[in-house]
Amino acid sequence: MAIYSSPRLLIIPGLHDSGAAHWQSWLQHQFRDAKRVVQRDFSKPDLTRWSARISSTLDAAAGSSHDGEWIAVAHSFGCLALAHHLAEHPDSPIRQALFVAPAEPDKFGLAELLPHHRLHIPSTLIASQNDPWMSAGSALRWAGRWGASFTNLGAVGHINTESGFGPFPLAKRWVDSARAKAARERRPHHANFQEWSFAV
């Protein structure tokens, strides 16, 4: 009988990467098999290159003992790269996505390059009431376009180290929930005949 492994965690930082004190680094350390997307130049917000880097990171990690599925957690400009990747690759192994404090596409002239339709996977967008990189209203509009559930944490800035986010238990709970959901959905496909009475 095949043994199903929970989806791995893919961390997608924004501009200038996420330092050691950032909640994304904290979250990565909570999961032994997590992987970080490392851009060639974190100081240059190039949407197509950042999106392609997500694809190449996933390709390089393929062929492990896992089933090849991923859960992605992105921050700031990384959210834009993730949305672009998902739109360009409907066959992406990413099965759920968490967008935290996206950067405003209009600040980079990229709005037309991003999907304006519902993404093909479940997603959640977490925003702030006073994020200098994207207004709460704009965050709500993008969540609506992508079909993402929406959470406004209130006046907490850009949800980064500077605004006091080191450990971020909410993000870990989301990952734990997403992994558990994936396991529930996949288990009947891997259960043998004797297990079916308990799996259905």
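Refer to the structure printed above.
The structure presented is a predicted model; accordingly, all values stated were derived computationally and were not measured.

## Structural notes on the overall build of the protein
Counting its regular elements, the protein contains 6 helices and 6 strands. Expressed as a percentage of the 200 residues in the protein, the buried residues total 50%. Across the protein, contacts joining residues at least 24 apart in sequence account for 78% of those joining residues at least 6 apart. On the protein, roughly 9800 Å² of surface is accessible, and the fraction owed to carbon and sulfur atoms is 52%.

## Overview of the pattern of salt bridges
Taken as a whole, this structure holds 6 salt bridges when the rule is applied. A salt bridge links arginine 95 to glutamate 185; the shortest N-O distance between them is 2.4 Å. A residue pair is termed long-range when its members are at least 10 positions apart, and arginine 95 in strand E4 (residues 94–102) and glutamate 185 in helix H5 (residues 169–190) qualify at 90 residues. When its relative accessible area of 36% is taken as the criterion, glutamate 185 is described as partly exposed.

## A word on the nonpolar core
For soluble globular proteins, the rule of thumb is that nonpolar side chains tend to be buried together. The biggest cluster of nonpolar side chains holds 36 residues, and the ones touching the most others in it are Leu10, Ile54, Leu82, Ile94 and Phe99. Mapped onto this core, the elements with two or more residues apiece are strand E1 (8–12), helix H2 (47–61), strand E3 (70–76), helix H3 (77–88), E4, strand E5 (123–127) and helix H4 (136–146). Once residues lying within four places of it in the same chain are set aside, the contact partners of isoleucine 54 are Leu10, Ile12, Val37, Ala81, Leu82, His85 and Ile94. Among the nonpolar cores identified, the runner-up in size contains 19 residues, and Trp23, Val73, Ile126 and Phe168 belong to it.

## Focus on the sheet that holds strand E6 (residues 149–152)
Pairing is parallel across the open sheet formed by 6 strands, whose spatial order is E2-E1-E3-E4-E5-E6. Looking at strand neighbours, the two that pair on one side only are strand E2 (35–36) and E6, the edges of this open sheet. Contacts from H2 reach E1, E2, E3 and E4 within the one sheet, and its direction differs from that of E1 by about 150°.

## Notes on the environment of serine 56
Looking at where serine 56 falls in the secondary structure, it is placed in helix H2. On the basis of relative accessible area, serine 56 is assigned to the partly exposed category, the value being 35%. Sequence separation between serine 56 and valine 37 is 19 residues; the distance between their C-alpha atoms is 9.1 Å.

## Overview of the packing of aromatic side chains
The final tally for this structure, using the stated rule, is 8 aromatic pairs. Relative to phenylalanine 108, the ring of phenylalanine 77 has its centre 5.0 Å away and its plane inclined at 70°; by these criteria the two rings are edge-to-face. Here phenylalanine 77, found in helix H3, pairs with phenylalanine 108, found in the loop between E4 and E5; they are 31 residues apart in sequence, far enough to count as distant. For phenylalanine 77, a relative accessible area of 0% gives the class buried. Positioned above the aromatic ring of tryptophan 133, the side-chain terminus of lysine 107 is 5.9 Å from the ring centre. The positively charged end of arginine 145 is found above the aromatic ring belonging to tryptophan 142, 4.4 Å away from the centroid.

## Description of H4
Regarding H4, the residues found buried are Ala136, Ser138, Ala139, Trp142, Ala143 and Trp146. All buried residues of H4 fall inside an arc of 160° around its axis, so they share one side. With its phi angle positive at about 70°, glycine 147 sits one or two positions after the end of H4.

## Details of H2
Within an α-helix, residues lying three or four positions from one another point in the same direction, as the helix has 3.6 residues per turn. An ideal rise of 1.5 Å per residue puts 21 Å on 15 residues; H2 measures up with 22 Å between its terminal C-alpha atoms. When H2 is considered as a whole, its buried residues turn out to be Leu47, Trp50, Ser51, Ile54, Ser55, Thr57, Leu58 and Ala61. End-on, the buried residues of H2 take up no more than an arc of 160°, which puts them together on one face. Opposite the buried face of H2, by more than 90 degrees, sit the exposed residues Arg49, Asp59 and Ala60. Packed against the buried residues of H2 are E1, E2, E3, H3 and E4.

Reading the values: rules and limits
Residues numbered from 1 in each chain as written. Predicted model: local features only at pLDDT ≥ 70, side-chain atom pairs only at ≥ 80, totals over all residues. Heavy atoms only, no water. Helix = DSSP H or I, 4+ residues; strand = E, 2+ residues; numbered from the N terminus. Buried < 20%, exposed > 50% of the residue type's maximum accessible area, 1.4 Å probe, protein only. Contact = heavy atoms within 4.5 Å. Areas by Shrake-Rupley, 256 points an atom, 1.4 Å probe, with all protein chains shown as cover. Salt bridge = Lys/Arg side-chain N within 4 Å of Asp/Glu carboxyl O. Core = buried A, V, L, I, M, F, W, Y, C linked by side-chain atoms within 4.5 Å. Pairing = 2+ DSSP bridges. Axes fitted to C-alpha atoms, helices over the stretch in contact; angles between N-to-C directions. Phe/Tyr/Trp six-rings, centres within 6.5 Å; stacked < 30°, edge-to-face > 60°. Lys NZ or Arg CZ within 6 Å of the ring centre and 35° of its normal. Arc of directions from axis to C-beta. Expected span 1.5 Å × (residues − 1).

Function-wise, these values are silent; they only describe arrangement.
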